[in-house]
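A structural walkthrough
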Amino acid sequence: MSSIDGLPPLRAVIDTHGIAAKKSLGQNFLLDLNLTAKIARAAGDLSGADVLEVGPGPGGLTRGLLAEGARKVLAVEKDSRCLPALAEIAAAYPGRLEVIEGDALEINPLEHLTAPIRIVANLPYNVGTELLVRWLTPKVWPPVWESLTLMFQKEVAERIVAKPGSKAYGRLALLAQWRCEARIVLTLPPEAFTPPPKIHSAVVHLTALPEPRFPADPAVLNRVVAAGFNQRRKMLRASLKGVAPDMEAKIVAAGLAPTARAEEISLEGFCALARIVAAG
Ligand code: SAM
């Protein structure tokens, strides 16, 4: 049976091109084109947008992005076995799909794209987290991208959207929520993938805010948050001791209790403390 784009079903693509999933590349493929279209829609309005897709594999999500109207998709894939399958998609969408063979941790093709730019990826989880942190910490804010729509292990997705007081709340939540709106848009069971991973997955959609929710120097904020959560069971007066001189007074000046623990402190509280630390 042919699909809406006239291309063969993904199972046939995988058979034809011999793309048996490799564990070493974190390959768990999405073969249901209805599902990949749903993820593409979760990425927002794609018409008129350039999309960076990392790890297209046999191209299920790529096809969803193109069918949903992306102006252009630039896809970075490490596994050369996937290139012939991706070339077939490029031929079905003339001029709209460019594929770069390479490691997304080593190349940054964002400069080849034209705003508005959206980033979408179903990546191995460790690569996804590393890239998320890089995308969230560009030299200047706002970043060149408008949104990130990324698949994670559900537990990591929950850490990205976590609120104070929860076990999942920590560095990732603060980093993501300081300058982005972050929400889980889809949760997927293992059976959605071929082969199925051991854990549930979730798609997180992050939209870049024009400016941070609260002012703070990024490096100082990162230092304060890292110290707080490196020893998350300790009270702030102990965990933050080495961050700057007279730390206990600074914690009080920020309106925080020295006896509180990092997981109880809101983003606003951490930013207030980072400003006071930066002021010296
Ligand atoms: N997007 C496809 C899908 O949804 O079916 C494939 C998902 S699979 C979880 C991850 C893909 O990322 C694989 O195709 C793998 O080869 C690719 N990949 C793994 N590490 C990568 C890296 N460092 N840079 C680029 N692609 C990578």
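Reading guide: rules and limits
- Residues numbered from 1 in each chain as written.
- Predicted model: local features only at pLDDT ≥ 70, side-chain atom pairs only at ≥ 80, totals over all residues.
- Heavy atoms only, no water.
- Salt bridge = Lys/Arg side-chain N within 4 Å of Asp/Glu carboxyl O.
- Helix = DSSP H or I, 4+ residues; strand = E, 2+ residues; numbered from the N terminus.
- Buried < 20%, exposed > 50% of the residue type's maximum accessible area, 1.4 Å probe, protein only.
- Near = heavy atom within 4 Å.
- Polar contact = N/O pair within 3.5 Å; in protein donor to acceptor, adjacent residues only side chain to side chain.
- Areas by Shrake-Rupley, 256 points an atom, 1.4 Å probe, with all protein chains shown as cover.
- Nonpolar A, V, L, I, M, F, W, Y, C, P; charged D, E, K, R; others polar.
- Domains from an automatic or database assignment.
- Buried area = accessible area lost by both parts, 1.4 Å probe.
- Phe/Tyr/Trp six-rings, centres within 6.5 Å; stacked < 30°, edge-to-face > 60°.
- Axes fitted to C-alpha atoms, helices over the stretch in contact; angles between N-to-C directions.
- Parallel < 35°, antiparallel > 145°, perpendicular 65-115°, else oblique.
- Contact = heavy atoms within 4.5 Å.
- Pairing = 2+ DSSP bridges.
- Core = buried A, V, L, I, M, F, W, Y, C linked by side-chain atoms within 4.5 Å.

1. Things to note about the pattern of salt bridges
Enumeration according to the criterion identifies 13 salt bridges in this entry. In this structure, Glu155 engages Arg159 in a salt bridge whose closest nitrogen and oxygen atoms are separated by 3.6 Å. Highlighted residues: Glu155 and Arg159, both in helix α6 (residues 154–161), separated by 4 residues, approximately one helical turn. The exposure class of Glu155 is partly exposed, given its relative accessible area of 44%.

2. Examining the site of the ligand
Lining the immediate surroundings of the ligand are 21 residues, of which Leu30, Gly55, Glu77, Asp103 and Asn122 lie closest. The contact in question runs from a nitrogen atom of the ligand to an N or O atom on the backbone of Gly55, over 2.7 Å. A distance of 2.9 Å is found between a nitrogen atom of the ligand and a backbone nitrogen or oxygen belonging to Ala104. Summarising the interface, the protein chains cover 98% of the accessible area of the ligand, which totals 590 Å² for the free molecule. Listed by contribution, the elements that provide at least two residues to the shell around the ligand are β1 (29–30) and β3 (72–77). When its residues are assigned to classes, the shell around the ligand shows 9 nonpolar, 7 polar and 5 charged.

3. Re the domain arrangement of the protein
When cut into domains, the protein gives domain 1 (2–208) and domain 2 (218–279). The largest per-residue losses of area from domain 1 upon contact with domain 2 belong to Arg171, Leu174 and Trp178, which jointly make up 58% of the total buried on that side. Our count for the domain 1 to domain 2 interface comes out at 0 salt bridges. Residue classes in the side of domain 1 that touches domain 2 are distributed as 4 nonpolar, 4 polar and 3 charged.

4. Observations regarding the packing of aromatic side chains
Under the criterion given, the structure shown has 3 aromatic pairs. For the ring pair Trp141 and Trp145, a centre distance of 5.8 Å and an interplane angle of 90° mean the geometry is edge-to-face. Like Trp145, Trp141 is buried. With a centroid separation of 5.8 Å and 80° between ring planes, the pair formed by Tyr169 and Phe229 is classed as edge-to-face. Residue Tyr169 is found in the loop between α6 and α7 (171–179), and its partner Phe229 is found in helix α8 (residues 218–230); the two are separated by 60 residues along the sequence.

5. Observations regarding the packing of α7 against helix α11 (residues 267–279)
Following both chains from N to C, one finds α7 and α11 inclined at 85°, their axes separated by 10 Å at the closest point. Viewed along their axes, α7 and α11 adopt a mutual orientation that is roughly perpendicular. In this structure, α7 contributes Leu174, Gln177 and Trp178 to the contact, and α11 contributes Leu267, Phe270 and Cys271. Here the residues of the contact of α7 with α11 are counted per class, giving 5 nonpolar, 1 polar and no charged.

6. Some remarks on the pairing of strand β2 (residues 50–54)
Of all 5 residues that make up β2, 5 are buried, and the element is covered over most of its length. Sheet topology places β2 next to β3; 5 bridges connect them, and they run parallel. Among the inter-strand pairings, Val54 is bridged to a residue of β3, identified as Val76. As judged from the 5 bridges shared by β2 and strand β5 (residues 117–121), these two strands associate in the parallel manner.

7. A closer look at the nonpolar core
Of all hydrophobic cores here, the largest spans 34 residues; its most connected members are Leu65, Met151 and Leu188. Every element with two or more residues in this core is listed here: α1 (10–17), β1, α2 (33–42), α3 (60–67), β3, α4 (83–92) and β7 (180–188). Leaving out residues up to four positions away in the same chain, Met151 has contacts with Leu30, Ile39, Ala121, Asn122, Tyr125, Leu188, Phe193, Ser201, Ala202 and Val203. In this structure, Leu136, Ile160, Cys180 and Leu206 belong to the second largest nonpolar core, which totals 32 residues.

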